[in-house]
Amino acid sequence: MSAIIKRELYSYFCSPVAYVVMAIFLFFSGLFFSIVCLSGDTSNLTYVFNNMFLVIVLLTPIMCMKLLSDEKRLRTDQALLTSPVSILGIVMGKFLSACILYLVCLAIYVIFGFVLSFFVTPHWSVILCNFFGLFILGCALIAIDMFLSSLTESQMIAAITGFAVGLLIYLLDNVASAIPVEFIANAVKNMSFLSHYQNFTVGLLSIADLVFFLTVIALFVFLTVRVIEKKRWS
Amino acid sequence: MVEVKNITKCYGDKKAVDNISFAVGDGEILGFLGPNGAGKSTTMNIITGYLSSSSGTVTIDGCEILDDPKGAKSKIGYLPEIPPLYMDMTVQKYLEFMFDLKKVKLDKEDHIEEVCRLVKISSVTHRLIKNLSKGYKQRVGLAQALLGNPPVLILDEPTVGLDPKQIIEIRNLVKSLGKKHTVILSSHILSEVQAICDRVVIISNGKVVADETTEGLSKALVKSNRLLVQVEGSKTKVLSKLENICDVKSVKVEREVSDSVYEYIVEANEDCDIRSKMFFTLAEEKTPILLLQSADLTLEEVFLKLTTDTTYSKKGGKD
């Protein structure tokens, strides 16, 4: 697994992908931070983190599009699947490498915290909770996008379906309110990434939200393993 | 070392591999032969655990590929048809990655250096794989298979895309590897298999149609003693003269080559050389021999005969 993480990070940082993703992430983080906090004279980072939701939704497909689709297209999956590594090990390696790249992007928020600390004593626990929320949200989206990447041989299709699923997730609250049957509407509402994430942005660390995101990660890692396994049998 | 038992692989209704069984002993080089689409690569993918068979078992040095995949896979070095190379890496980085992936316990730097020397890629270790020529890519693929000195090597058409000099080099390399490793090598080039392998398994339409030592296969081919001759002169005279030579079993006119030149197929009894007798007999008659050659089936012809035989391909479906 560590070999795969190492190779994926090498591939991210030896190609423009990592830099493009980081540039976009840092640009929007900086933009929201300067508009909300510096111009708005507040140390409340809630809005910044809230706005980042859409940016993450659109960025994770770029990070994940070639994770598994390229392996299939270039036939390098033959090397992976005939080596003494379990399929779960391969999938986790891929997943964690994307999470590490994402964590590198998030490091900017530590700097934001320090900038704020010059003007006011920031609520470190709230910032930490925000930070953690953004991280686990990103990990859940990475798991979904990785799953989509395992379904196709084309990076482009993986990315586009990733955007589509991401936007659907973003709009899930609106979709829920349009559903007339109440119990279905409630069920959909409870699946909303946004509302689970918003609890983190106001500094609320609840087990329910945590379990929700961890479940999504586990489910899509499991599904990815099954997709790869299925290919061997069909 | 490698035991394949009754493996079958179905894609929908089509049987790509149909009940194939064979075994390869320690230090043996097995040639795996068949026309394109015969199921060579599928069988190799099943042996290495990349695909699973619909039924049947594969055992590598006592480890079953389905029950103990890690144990079995760690004993195999595999070079697939298309070498599994990451184009964005340098040769050195790639081999380091494969070394880690295979969890090899040897000294990393020394071992990679040794393998690079063996397949002669030491001069390109710091180049990006995407910039290498096809021949070098193939060799990097081979280097990857050799990492960790696995007891079993499975090479899917290792000489495809190489120039003649490289082909000879790789053949010699595989031959020398066969002393320490068990090698299964697929190819559709007969002379290659004949040059390298101890034993040949020929498959066609997913079935084994021959499983013999290379010598046995050649012997089976040259059992008849047929000669092809072109003689100038009257057909009836030549025919009667040829038939009267002792040890000649039959003579048949094949075709008219040009005016008063005919081509004959002469079949002699086994282990009899009738060439000099034939020469003198025809010389006496002043009917000169213009061409004399063996009309035995070549390896290629036997291969074609085996792989296109209708009795075998009846069930196999279409290519």
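Residues numbered from 1 in each chain as written. Chains lettered and ligands numbered in written order. Predicted model: local features only at pLDDT ≥ 70, side-chain atom pairs only at ≥ 80, totals over all residues. Heavy atoms only, no water.

A.B. asks: Residues and numbers for the overall build of chain B, please.
C.D. replies: For chain B, the count of helices and strands is twelve helices and 14 strands. Computed over the C-alpha atoms, the radius of gyration of chain B is 25 Å, more than 25% above the 20 Å expected from 2.2 N^0.38 for a compact globule of 319 residues. Principal-axis analysis of the C-alpha atoms gives chain B an extent of 75 × 45 × 30 Å. Within chain B, the fraction of its 319 residues that count as buried is 50%. Of the contacts formed within chain B by residues at least 6 apart in sequence, a portion of 68% connects residues at least 24 apart. (Helix = DSSP H or I, 4+ residues; strand = E, 2+ residues; numbered from the N terminus. Rg over C-alpha atoms; globule rule 2.2 N^0.38 Å. Buried < 20%, exposed > 50% of the residue type's maximum accessible area, 1.4 Å probe, protein only. Contact = heavy atoms within 4.5 Å.)

A.B. asks: Quick rundown of the sheet that holds strand S14 (residues 289-294) of chain B? Include the residues and the values.
C.D. replies: Residue and element names in this part refer to chain B. The strand order across the open sheet formed by four strands is S12-S13-S11-S14, and the pairing between neighbours is antiparallel. Only two strands of the sheet have a single partner each, and these edge strands are strand S12 (248-258) and S14. For this sheet the average axis-to-axis angle between neighbouring strands, irrespective of direction, equals 20 degrees. Strand direction decides the pairing type here: strand S11 (residues 225-232) and S14, joined by five bridges, are antiparallel. The residue bridging Leu 227 from the neighbouring strand is Ser 294, located in S14. (Pairing = 2+ DSSP bridges. Axes fitted to C-alpha atoms, helices over the stretch in contact; angles between N-to-C directions.)

A.B. asks: I'd like a rundown of the environment of B:Tyr136, residues and numbers included.
C.D. replies: Residues and elements named next belong to chain B. Here Tyr 136 is to be found in helix H5 (residues 134-146). Taking relative accessible area as the criterion, Tyr 136 reaches 24% and is therefore assigned partly exposed. Residues Tyr 136 and Gln 166, 30 residues apart in the sequence, show an inter-C-alpha distance of 9.6 Å.

A.B. asks: Tell me about the sheet that holds strand S1 (residues 2-11) of chain B, and name the residues and values.
C.D. replies: All names here are of chain B. Read from one edge to the other, the open sheet built from four strands follows the order S2-S1-S4-S5, with strand pairing classed as antiparallel. Of all strands in the sheet, those bounded by a partner on one side alone are strand S2 (14-24) and strand S5 (63-64). Across the sheet, helix H1 (residues 40-47) is in contact with S1, S2 and strand S4 (55-60); its angle to S1 comes to roughly 120 degrees.

A.B. asks: Which residues make up the packing of helix H1 (residues 2-13) of chain A against helix H3 (residues 91-101) of chain B, and what values go with them?
C.D. replies: The geometry of H1(A) relative to H3(B) is characterised by a closest axis approach of 9 Å and an angle of 155 degrees between their N-to-C directions. As summarised for this structure, H1(A) and H3(B) are arranged roughly antiparallel, according to the angle between their axes. Residues A:Ala3, A:Ile4, A:Lys6, A:Arg7 and A:Tyr10 of H1(A) form the contact with H3(B), whose own contacting residues are B:Lys93, B:Phe97, B:Asp100 and B:Leu101. The residue makeup of the contact of H1(A) with H3(B), split by class, is five nonpolar, no polar and four charged. (Parallel < 35°, antiparallel > 145°, perpendicular 65-115°, else oblique. Nonpolar A, V, L, I, M, F, W, Y, C, P; charged D, E, K, R; others polar.)

A.B. asks: Give a detailed account of the side chain of B:Glu28, specifying residues and quantitative values.
C.D. replies: Considering the arrangement of structural elements, one finds B:Glu28 in the loop between S2 and strand S3 (29-33). Given the relative accessible area of 17%, B:Glu28 is considered buried.

A.B. asks: I'd like to hear about the packing of aromatic side chains, residue by residue, with values.
C.D. replies: Residues and elements named next belong to chain A. Enumeration over the complete set of coordinates arrives at 22 aromatic pairs over all chains. On the basis of an interplanar angle of 90 degrees and a centroid distance of 5.2 Å, the ring pair of Tyr 109 and Phe 112 is categorised as edge-to-face. Taken together, the positions of Tyr 109 and Phe 112, both in helix H7 (residues 108-119) and three residues apart, correspond to about one turn of that helix. This pair shows no difference in class: Tyr 109 is buried, exactly as Phe 112 is. Aromatic side chains Phe 193 and Phe 212 sit 5.4 Å apart centroid to centroid with 85 degrees between the ring planes, which places their arrangement in the edge-to-face category. Of this pair, Phe 193 sits in helix H12 (residues 193-201) while Phe 212 sits in helix H13 (residues 207-233), placing them 19 residues apart in sequence. (Phe/Tyr/Trp six-rings, centres within 6.5 Å; stacked < 30°, edge-to-face > 60°.)

A.B. asks: I'd like to hear about H12(A), residue by residue, with values.
C.D. replies: Residues and elements named next belong to chain A. If you check which residues of H12 are buried, you get Phe 193, Leu 194, His 196, Tyr 197, Phe 200 and Thr 201. Buried residues of H12, viewed axially, fall in a sector of 165 degrees; they line one side. Those residues of H12 hidden inside the fold are in contact with helix H3 (46-64), helix H8 (124-150), helix H9 (155-170), helix H10 (172-178), helix H11 (182-190) and H13. By the N-cap criterion, in which a side-chain oxygen at the helix start approaches the backbone nitrogen of a residue two or three places on, H12 is capped by Ser 192, the distance to Leu 194 being 3.3 Å. (Arc of directions from axis to C-beta. Polar contact = N/O pair within 3.5 Å; in protein donor to acceptor, adjacent residues only side chain to side chain.)

A.B. asks: Describe in detail a negative patch on the surface, supporting the description with residues and values.
C.D. replies: Residue and element names in this part refer to chain B. Together, Asp 107, Glu 109, Asp 110, Glu 113 and Glu 114 make up a negatively charged patch on the protein surface. Residue position: Glu 113 is located in helix H4 (residues 108-118). What makes Glu 113 partly exposed here is its relative accessible area of 48%. (Patch = residues over 30% accessible without salt bridge, like charges linked within 9 Å, V, L, I, M, F, W, Y side chains within 5 Å. Areas by Shrake-Rupley, 256 points an atom, 1.4 Å probe, with all protein chains shown as cover. Salt bridge = Lys/Arg side-chain N within 4 Å of Asp/Glu carboxyl O. Lys, Arg positive; Asp, Glu negative; His and termini not counted. Charge placed at Lys NZ, Arg CZ, Asp CG, Glu CD.)

A.B. asks: Would you mind going over the confidence of the model for chain A in detail, with residue names and values included?
C.D. replies: Low pLDDT marks stretches whose predicted atomic positions should not be read closely. Averaged over chain A, the pLDDT score is 91; the fraction of residues at 70 or greater is 100%. Mean pLDDT across the elements of chain A bottoms out in H7(A) (87) and peaks in helix H6 (residues 87-106) of chain A (95). (pLDDT = per-residue confidence, 0-100.)

A.B. asks: Residue-level account of the layout of surface pockets, with values.
C.D. replies: Size it by volume and the largest pocket reaches roughly 380 Å³. Lining the largest pocket are 26 residues, with B:Tyr11, B:Ser41, B:Thr42, B:Asn45 and B:Leu51 sitting closest to its centre. For the lining of the largest pocket, the elements supplying multiple residues, two or more each, are helix H5 (77-81) and H13 of chain A together with S2 and H1 of chain B. If one sorts the elements of the lining of the largest pocket by residue count, H1(B) sits on top with four residues. By residue class, the composition of the lining of the largest pocket is ten nonpolar, eight polar and eight charged. (1 Å grid on protein atoms, 1.4 Å probe; cavity = no way out; pocket = protein on both sides within 12 Å on 5 of 7 lines; lining within 4 Å. Points joined across faces, edges and corners; volume = space filled by probe spheres on them.)

A.B. asks: So what's going on with helix H6 (residues 164-177) of chain B? Which residues, and what values?
C.D. replies: Taking 1.5 Å per residue, 14 residues should reach 20 Å; H6(B) reaches 20 Å between its end C-alpha atoms and fits that length. In this fold, the buried residues of H6(B) make contact with S3, H4, H5, strand S7 (152-156), strand S8 (182-187) and helix H7 (190-196) of chain B. (Expected span 1.5 Å × (residues − 1).)

A.B. asks: Pulling in residues and values, what's your account of the interface of chain A and chain B?
C.D. replies: Every contact between the two is made by 23 residues of chain A and, on the other side, 30 residues of chain B. When chain A packs against chain B, the two sides together hide about 2700 Å² of surface, and 61% of this comes from carbon and sulfur. Taken together, the connections running from chain A to chain B amount to two salt bridges. Residues A:Arg7 and B:Asp88 are paired through a salt bridge, measuring 3.7 Å at the closest nitrogen-oxygen approach. Seen at the junction of chain A and chain B, the total is ten residue pairs in polar contact (both at pLDDT 80 or more). Those elements that provide at least two residues to the side of chain A that touches chain B are H1, H5 and H13 of chain A. A per-element tally of the side of chain A that touches chain B places H1(A) first, with six residues. (Buried area = accessible area lost by both parts, 1.4 Å probe.)

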